[in-house]
Amino acid sequence: TALPIGGVAGDQQSALFGQACFKAGMAKNTYGTGCFMLMHTGERFQTSQNGLITTACAQAPGPAQYALEGSVFIGGAVVQWLRDGLKAIESSSEVQALAESVPDAGGVVLVPAFTGLGAPYWQPDVRGTITGLTRGTTMAHIARAALESIAFQSAALLQAMSRDAVAAGGVPVSELRVDGGASVNNLLMQIQADLLGIPVVRPAVVETTALGAAYLAGLHVGVYQGTGELSAQWRAERTFRPTLSPERAAEKMAAWEHAVRQT
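Each value, and the rule that gives it
Residues numbered from 1 in each chain as written. Predicted model: local features only at pLDDT ≥ 70, side-chain atom pairs only at ≥ 80, totals over all residues. Heavy atoms only, no water. Helix = DSSP H or I, 4+ residues; strand = E, 2+ residues; numbered from the N terminus. Rg over C-alpha atoms; globule rule 2.2 N^0.38 Å. Buried < 20%, exposed > 50% of the residue type's maximum accessible area, 1.4 Å probe, protein only. Contact = heavy atoms within 4.5 Å. Areas by Shrake-Rupley, 256 points an atom, 1.4 Å probe, with all protein chains shown as cover. Disulfide = S-S within 2.5 Å. Pairing = 2+ DSSP bridges. Axes fitted to C-alpha atoms, helices over the stretch in contact; angles between N-to-C directions. Parallel < 35°, antiparallel > 145°, perpendicular 65-115°, else oblique. Left-handed = near helix turned anticlockwise from the far one by under 90°. Nonpolar A, V, L, I, M, F, W, Y, C, P; charged D, E, K, R; others polar.

**Student:** I'm lost on the overall build of the chain in this one. Help?
**Tutor:** When helices and strands are counted, the chain shows 8 helices and 9 strands. In terms of C-alpha radius of gyration, the chain reaches 19 Å, essentially the compact-globule figure of 18 Å for 263 residues. Seen along its three principal axes, the alpha-carbon backbone of the chain occupies a region of about 65 × 45 × 35 Å. Counting the 263 residues in the chain, one finds 49% classified as buried. Restricting the contact set of the chain to residue pairs at least 6 apart, pairs at least 24 apart contribute 71%. Of the roughly 11,900 Å² that the chain leaves accessible, carbon and sulfur atoms contribute 55%.

**Student:** What should I look at first to understand the state of the cysteines in this one?
**Tutor:** Should the sulfur atoms of two cysteines be covalently bonded, the bond is a disulfide. Here the structure, examined in full by the defined rule, presents 0 disulfides. We note that Cys35 lacks a disulfide partner, and the nearest cysteine sulfur, in Cys21, lies 16 Å from it. Distance from the sulfur of Cys57, which forms no disulfide, to the nearest cysteine sulfur (Cys21) is 9.4 Å. Owing to a relative accessible area of 10%, Cys57 belongs among the buried residues under this scheme.

**Student:** How should the side chain of Lys252 be read in this particular structure?
**Tutor:** Residue placement: Lys252 occurs in helix H8 (residues 246–262). Not counting chain neighbours up to four residues away, the residues in contact with Lys252 comprise Glu148, Phe152, Leu195 and Leu244.

**Student:** What is the right way to read unusual backbone geometry from this model?
**Tutor:** Peptide bonds are trans in most cases, and residues, glycine excluded, mostly fall at negative phi. Cis geometry marks the peptide bond from Ala119 to Pro120; its omega dihedral reads 0°. By the element assignment, Pro120 lies in the loop between strand S5 (109–111) and strand S6 (129–131). Notably, Lys87 is not glycine yet its phi reads approximately 60°, a positive angle. One can find Lys87 in the loop between helix H2 (77–84) and helix H3 (95–100).

**Student:** Whenever I open this one, the pairing of strand S1 (residues 27–31) confuses me. Can you help?
**Tutor:** Put simply, side chains in a regular strand alternate between the two faces of the sheet. Among the 5 residues that make up S1, 5 are buried, leaving the element largely enclosed by the rest of the structure. The side-chain alternation of S1 yields two buried faces, one formed by Ala27, Asn29 and Tyr31 and the other by Lys28 and Thr30. In this sheet, strand S2 (residues 35–42) lies alongside S1 in antiparallel orientation, the contact comprising 5 bridges. Residue pairing across strands places Thr30 opposite Phe36, the latter belonging to S2. Between S1 and the antiparallel strand that follows it, S2, lie 3 residues.

**Student:** I would appreciate a short explanation of the packing of helix H4 (residues 139–167) against helix H5 (residues 186–196) in the present structure.
**Tutor:** Running from N to C, H4 and H5 point in directions that differ by 40°, and their axes come no closer than 9 Å. Classed by the angle they form, the pair H4 and H5 counts as oblique. As H4 packs across H5, the resulting crossing turns out to be right-handed. Where H4 abuts H5, its residues Arg144, Leu147, Glu148, Ile150, Ala151, Phe152, Ser154, Ala155 and Leu158 lie against Leu187, Leu188, Ile191, Gln192, Leu195 and Leu196. Counted by class, the contact of H4 with H5 contains 11 nonpolar, 2 polar and 2 charged residues.

Here is the structure:
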């Protein structure tokens, strides 16, 4: 029996739809092997001045809608490197406990430019560095710095998006919706909220790419009547709120950017 194809969407565009980010200024970040952040810009086709790309949104029929997109090449892959390259852990699920065994990274900053740096830097030829090593550095400090590197790279993306939004007369992103395999790491999500200074919200369904495709199909065949119904279905599982002062968060981001320049 023939079945209608009700929805076709690219991976990240589908995830944005599955996160019910239907309005300008709403943003999501997918934490997989890499990290992929999209911010909805409504019907405005905006060219980024901060190293991002413009993409078409997945949407129901109607006026074209767009988003700004940025990609981090090495996200959760840095945890795989700890496991397979350094043999620091036996499974990826162990990284949170190892990182939480120390209160901070002890001044260590890891820039995981294993294949260069993606947005907003776009430096394909640089390679990874670990700075701030001392005799007191342990594998736990390196593991924590590895998790922080995912959050640092994503924070740089969101800051670039917020600068673009303000330049276009909009407002900075007020919350970040998160999904993907590494979003289940509570320590990483708390670090992300601390660096950004805004709530990081993890939904009840973190497989938002599949959910977005299902939503598109449901709209097409009449299971759902509109995006308002989809927004009402979206549920938060946990919200991570920032605990760092803006000044301390800025200091940490400055240390990250300094380490990036050193690469």
